[in-house]
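The chain contents come next:
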Amino acid sequence: MSEAASDIAVNELLRVNDIEVVYDGAILAVAGVSLTVPKGGIVALLGANGAGKSTTLKAISGLVRAERAEVSRGAIEFLGRDTAGVDPSVRVRQGMVHVLEGRHVFPQLTVEDNLRSGGFVRGLSRQDMARDLERIYTWFPRLKTKRKTQAGLTSGGEQQMVAIGRALMTRPTLVLLDEPSMGLAPIIVQEIFEIVAQLNREEQVSFLIAEQNINVALKYAQQAYVLDTGRVVLSGSREALLARGDLHDFYLGKH
Amino acid sequence: MTFFFETLLGGLLAGTMYSLVAIGFVLIYKASGVFNFAQGAMLLFAALTFVSLHDQGVPFALALLLTVVVMVIGALLIERLVLRPLVNRSQITLFMATLGLSFIIEGLAQGLMGSQVRALDLGIDDVPVFIGGMMVSQFDLIAAAAAIVLVTVLALLFNKTRIGVSLRAVADDTTAALSIGINLNRIWQIVWAVAGIVGLVAGLLWGARQGVQFSLSLVVLKALPVLIIGGFTSIGGAIVGGLIVGAAENLAEVYIGPLIGGGITPWFAYVLALAFLYIRPAGLFGERAIERV
């Protein structure tokens, strides 16, 4: 937080500047969130249910507009460009992809068609599509054995892998990952976070991860922001936050 | 027994005409979750456009092509002027919009092309042919063949192309489709255009059968029981639903009709649909959500 401003700008992938999000023109869901994601970083967005984590991610990906909400104040810059009025599909093409809370696979489509659909936005040739699919299958070998299965019939962990794999097919530089641990067994959660860390190391994919599970999130993220009732109440490096020892209190409303 | 099968076959063939109308609804329902009341008006508009062009001496193939172009332009306009401004509104709002749209299209059709009954000659003689001793209408056979070709083309479109997979993705989960960059507006344009072309095929066959006139748009009301029986989300369901309605109407007219004084055809499909609502509300092939417990 103390680096020179120009230094930050060079390494910055995403900058969210004091945004406010209003649903239906009346309900304030996010009221003053600022955060940055550096290139090649993993940043966690922590907070209890209803703190505004999902809404913040949807504001960044542009999906808020699909829910009759809008960013009514502040600005979101991706790669130095203002995203106001930019269609969600254009944001995906620019390298930003959103993995929704609750996974949201296409249940009637096969696992492979789910993955392929992520490649459509890039207009891939047949060979490139096949090559990129193989790349996803090396990350998630389990999906290859289920490629012909309807995604709705696979397990929760597999659906999360489908959702992440589908997002990776868009070749993102930034993945907005919403609540990846939700409803999954700890061992599966760990498996998924390990893959996230590996993607980050080997492919320089950056992540902004909304999580309720502080322990898992802070094991992998370098930085974190804590949200409470739509505001950032705390932020800092993993070490600084872990040193406080009172993070859980924010979930219990003690601050 | 031959008579029974003849009645059944005649009904099944007539049923494919219902299926054709119902498919147009299913397409739009799947992609945008709305029961498009204007499908009948689109069908009338397509048939009227074709007849008007053909009457002015435009050759058959060219008139067909021009009508397809008109339907595609219409789809683009509807997407831009009606669907896009109403995105995310409730289903009933969208339904009301299509209701209004149907009157606009009908008014436009009659204003531009007149309201008198127009004969449409597709060059198919409606003479009976004999198959295995059963008398079958040649026109019905050709209409059924047209339906089969159309359905095959649609099945290939949906299962083998990227546009088709995108469309099924939108039908499954619109938000998720948006999240991976699928352009919803583009999908709507394509679906409405395809529904318009399906409407054209249905309009030509129905128009050739009963003349191109205002009442053609009322075939929507015949599609409703077909959709209830087959399910709103399945093209296969629309086909089977159409066949069931066609066969049931014909059989009921012949075997039950005399007992209660005839005139069964106009309402029998609705009674059948009501029975299905009791037993199987999602329809025969309606997609119930896949959910793990």
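Residues numbered from 1 in each chain as written. Chains lettered and ligands numbered in written order. Predicted model: local features only at pLDDT ≥ 70, side-chain atom pairs only at ≥ 80, totals over all residues.

Identification of chain B as Amino acid/amide ABC transporter membrane protein 1, HAAT family from Pseudomonas migulae is taken from an unreviewed UniProt entry. Regarding chain B, the UniProt comment filed under Subcellular location (unreviewed entry) reads as follows: "Cell inner membrane". (UniProt positions renumbered as here; feature names shortened; annotations may be inferred.)

As annotated in an unreviewed UniProt entry, chain A is Branched-chain amino acid transport system ATP-binding protein from Pseudomonas migulae.

Let us now look at the nonpolar core. With 166 residues, the main nonpolar core has L208, I209 and A224 of chain A together with A22, A47 and V191 of chain B as its most contacted residues. A total of 18 residues in this core trace back to one element, the largest contributor, which is helix α8 (residues 184-210) of chain B. Residues contacting I209 of chain A, with those up to four places away along its chain left out, are I42, A44, L45, L177, P180, A217 and A221 of chain A. (Core = buried A, V, L, I, M, F, W, Y, C linked by C-beta atoms within 7 Å. Buried ≥ 20, exposed ≤ 12 C-beta atoms within 10 Å, placed from the backbone. Helix = DSSP H or I, 4+ residues; strand = E, 2+ residues; numbered from the N terminus. Contact = placed C-beta atoms within 7 Å.)

Take the confidence of the model for chain A next. When pLDDT is averaged along chain A, the result is 91; 94% of the residues meet or exceed 70. Long-range and interchain partners of residues 1-8 of chain A, a stretch whose pLDDT sits below 50, account for two contacts in this model, where long-range means more than four residues apart. (pLDDT = per-residue confidence, 0-100.)

Residues and elements named next belong to chain A. Spatially, six strands are ordered β6-β7-β8-β3-β9-β10 in an open sheet, and the strand pairing comes out mixed. Of all the strands in the sheet, just β6 (96-99) and β10 (231-237) have a single pairing partner and so form its edges. The mean angle between the axes of side-by-side strands here comes to 15°, regardless of whether they run parallel or antiparallel. As defined by bridge partners, strand β7 (residues 174-178) adjoins strand β8 (residues 206-211) across five bridges and the pair is classed as parallel. Within the sheet, the bridge partner assigned to L176 lies in β8 and is L208. (Pairing = 2+ DSSP bridges. Axes fitted to C-alpha atoms, helices over the stretch in contact; angles between N-to-C directions.)

What follows concerns helix α3 (residues 60-83) of chain B. For an α-helix, 3.6 residues make a turn, and residues three or four places apart therefore share a direction. All names here are of chain B. For α3, with 24 residues, the first-to-last C-alpha span of 33 Å sits near the 34 Å given by 1.5 Å per residue. The complete set of buried residues in α3 reads T67, M71, G74, A75, I78, E79 and L83. Buried positions along α3 lie against α1 (2-32), α2 (39-55), α4 (91-113) and α8. (Expected span 1.5 Å × (residues − 1).)

This part takes up unusual backbone geometry. Residues and elements named next belong to chain A. The backbone of R171 sits at a positive phi, close to 55°, despite the residue not being glycine. Counting through the fold element by element, R171 comes out in the loop between α7 (156-168) and β7. A positive phi angle, near 55°, is found at Q204, a position not held by glycine. The topology assignment puts Q204 in the loop between α8 (186-203) and β8. When the 11 C-beta atoms within 10 Å are taken as the criterion, Q204 is described as exposed.

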